[in-house]
Amino acid sequence: MTTYRVLGVDACRAGWVGVALDDPPDDADRTAAHAGPRVTAHVEATIDALVARASQDGPLAAVAIDIPVGLPDSGRRRADVLARAEVGPLRSSVFMTPVRPALLAPDHATAVRVNREHAGEGVSVQAYALRVKLLQVDAWVRTVGVPVVEAHPEVCFARMHGSPLTSRKATWAGSELRRRLLAEQGVVLAGDLGLAGLDAGVDDVLDAGAAAWTARRVARGEAVPLPDPPEVFDDGWPAAIWV
């Protein structure tokens, strides 16, 4: 029996939240020797600290993270365009990744101007607010000794559901649907997961769980990239959203 540990990651107010999966999901693969919690969660201020913490319980076979990896030189990333098509009604949950010079801009107004010069459109406040984390991951991903892919939770949930979702994750119905979809895939998010009192919102944990589902598919060799093959920009990283 093949066992492995994977990690799904999402940004949260405290820094980063990760959901780790320890065992294969198939009932046929479960034995008494592998009884006990299959899902754990962690919160850390930095991405490298989060991965180090998750790795204390065993080496990671893959990490999937809900943040752009591979920054464009000009125009829109094909990954973002394809992800928007996948999620349909909730396409606004996929922001267009700014070009690298825009993320290095000292303020939002400058970032908007720079991105218009390079991509023909501005930068959302949300995207610019994530620049510190974007650049943190951009540097970290080149040094970590674990396979890392980009994931987008709404793309994951659409694939699990077999069609795009229509209820937002911030609603009761939306969060319950996502929790159920994850549970059907063996990613059971129940109890406090050790996150009591920490700055990890319900939506953050659900998104990290969806990313963990993608990480498990990567470890199994089942994940596919959007686009296929990935784009490669000047930074040399293969940019794609994996699902």
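What counts, and at which threshold
Residues numbered from 1 in each chain as written. Predicted model: local features only at pLDDT ≥ 70, side-chain atom pairs only at ≥ 80, totals over all residues. Heavy atoms only, no water. Helix = DSSP H or I, 4+ residues; strand = E, 2+ residues; numbered from the N terminus. Rg over C-alpha atoms; globule rule 2.2 N^0.38 Å. Buried < 20%, exposed > 50% of the residue type's maximum accessible area, 1.4 Å probe, protein only. Contact = heavy atoms within 4.5 Å. Areas by Shrake-Rupley, 256 points an atom, 1.4 Å probe, with all protein chains shown as cover. Axes fitted to C-alpha atoms, helices over the stretch in contact; angles between N-to-C directions. Parallel < 35°, antiparallel > 145°, perpendicular 65-115°, else oblique. Left-handed = near helix turned anticlockwise from the far one by under 90°. Nonpolar A, V, L, I, M, F, W, Y, C, P; charged D, E, K, R; others polar. Salt bridge = Lys/Arg side-chain N within 4 Å of Asp/Glu carboxyl O. Pairing = 2+ DSSP bridges.

The next point concerns the overall build of the chain. Counting its secondary structure elements, the chain contains 9 helices and 7 strands. Computed over C-alpha atoms, the radius of gyration of the chain comes to 17 Å, within 12% of the 18 Å expected from 2.2 N^0.38 for 243 residues, which places it in the range of a compact globule. Along the three orthogonal principal directions, the C-alpha set of the chain runs to about 60 × 40 × 40 Å. Looking at the chain as a whole, 51% of its 243 residues qualify as buried. Intrachain contacts of the chain at a sequence separation of at least 6 include 66% that bridge at least 24 residues. When the accessible area of the chain is evaluated, it comes to approximately 10,600 Å², of which 53% is carbon and sulfur surface.

It is at 10 Å that the axes of helix H8 (residues 172-184) and helix H9 (residues 202-220) come closest, and there the two elements cross at 30 degrees. Looking at the two axes, H8 sits roughly parallel to H9. Crossing hand, H8 versus H9: left-handed. Listed contacts from H9 to Ser175, Arg178, Arg179 and Leu182 of H8 are Val202, Leu206, Gly209 and Ala210. Looking at side-chain class alone, the contact of H8 with H9 contains 4 nonpolar, 2 polar and 2 charged residues.

On to the side chain of threonine 214, then. For threonine 214, the position within the fold is in helix H9. Judged by relative accessible area, which is 0%, threonine 214 ranks as buried. Excluding residues that lie within four positions of it along the chain, threonine 214 makes contacts with Ala64, Val149, Ala151, Cys156, Ala223, Trp242 and Val243.

A few words on the pattern of salt bridges. According to the stated counting rule, one finds 17 salt bridges in the structure shown. Between glutamate 121 and arginine 76 there is a salt bridge; the shortest N-O distance is 2.9 Å. Here arginine 76 lies in the loop between strand E4 (62-65) and helix H2 (78-87) and glutamate 121 lies in the loop between helix H4 (108-119) and helix H5 (125-129), a separation of 45 residues in the sequence. In this structure glutamate 121 comes out as partly exposed when scored by relative accessible area, which is 21%. On the basis of relative accessibility, which here comes to 42%, the residue arginine 76 falls in the partly exposed class. Between aspartate 207 and lysine 169 there is a salt bridge, and its shortest N-O distance comes to 2.5 Å. Of this pair, aspartate 207 sits in helix H9 while lysine 169 sits in the loop between helix H7 (153-161) and H8, placing them 38 residues apart in sequence.

With that settled, consider the pairing of strand E1 (residues 6-12). Among the 7 residues in E1, 7 count as buried, and that is most of the element. Burial along E1 is two-sided: the face carrying Val6, Gly8, Asp10 and Cys12 and the face carrying Leu7, Val9 and Ala11 are both buried. The sheet contact formed by E1 and strand E2 (residues 15-21) spans 7 bridges and is antiparallel. Counterpart to valine 6 in the pairing with E2 is leucine 21. The antiparallel pairing of E1 with E2 creates a hairpin that spans 2 residues between the two strands.

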